[in-house]
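If you want the building blocks of each chain, they are given just below.
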Amino acid sequence: QVQLVESGGGLVQPGGSLRLSCAASGSSFSINVMGWYRQAPGKQREMVARIFSGGSTNYVDSVKGRFTISRDNAKNWVYLQMDSVKPEDTAVYYCYVYIVRDSGGRSEYWGQGTQVTVSS
């Protein structure tokens, strides 16, 4: 079993910065993909950013140039640095991991979500 613990959400003014963190714990697996998704009220959950084990990254177009995803493979942490935030970034942000177990099985896990509110 894999557990994800998120931190770093909160209230931030437009143009400000926020850093989200997520720690994955468990044993007998390796993490292939780590990422962040978000869901705003009345909208579908969307991928914000993801980072693969080799270091390559994907971003949704709306955050390119403003958000940066990174990971610490040794500690199984993933971070989302959010700069120049906008009101439309307001959402619940979810940490996501896709793992490969030592046995060969594959699974995905989600964090509990952390609220990010961009408002003056």
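Residues numbered from 1 in each chain as written. Predicted model: local features only at pLDDT ≥ 70, side-chain atom pairs only at ≥ 80, totals over all residues. Heavy atoms only, no water.

On to the sheet that holds strand β1 (residues 3–7), then. Spatial ordering of the open sheet is given by β1-β3-β8-β7, a layout of four strands whose pairing is antiparallel. Looking at the sheet topology across the chains shown, the edges are occupied by β1 and β7 (67–72). The average angle at which neighbouring strand axes cross in this sheet is 15 degrees, direction not considered. Sheet analysis places β1 next to strand β3 (residues 18–25), joined by five bridges and oriented antiparallel. Looking at the pairing, Val5 lines up with Ala23 of β3. (Pairing = 2+ DSSP bridges. Helix = DSSP H or I, 4+ residues; strand = E, 2+ residues; numbered from the N terminus. Axes fitted to C-alpha atoms, helices over the stretch in contact; angles between N-to-C directions.)

Now for the nonpolar core. Residues Trp36, Leu80, Met82 and Tyr93 are the most contacted members of the largest nonpolar core, which totals 31 residues. Counting residues per element, the ones that place at least two in this core are β3, β4 (29–39), β5 (46–52), β7, β8 (77–82), β9 (91–101) and β11 (114–118). No other element matches β9, which puts five residues into this core. (Core = buried A, V, L, I, M, F, W, Y, C linked by side-chain atoms within 4.5 Å. Buried < 20%, exposed > 50% of the residue type's maximum accessible area, 1.4 Å probe, protein only.)

Moving on: the state of the cysteines. Tallying each qualifying case throughout the model produces one disulfide. In this model Cys22 forms its disulfide with Cys95; the gap between the sulfur atoms is 2.1 Å. Residues Cys22 and Cys95 are joined by a disulfide whose S-S torsion is about -85 degrees; by sign, that bridge is left-handed. Taken together, the residues span a long stretch of sequence, with Cys22 in strand β3 and Cys95 in strand β9 at a distance of 73 residues. Accessibility classification places Cys22 together with Cys95 in one group, the buried group. (Disulfide = S-S within 2.5 Å.)

Turning our eyes to something else, we now look at the pairing of β11. Residues Thr114, Val116 and Val118 of β11 are buried on one face, while the alternating residues Gln115 and Thr117, pointing to the opposite face, are not. Bridge analysis of strand β2 (residues 10–12) against β11 gives three bridges, and the strand direction is parallel. By the bridge assignment for β11, Val12 is matched with Val118. Where β9 meets β11, three bridges bridge the pair, whose relative direction is antiparallel. Looking at the pairing, Tyr93 lines up with Thr114 of β11.

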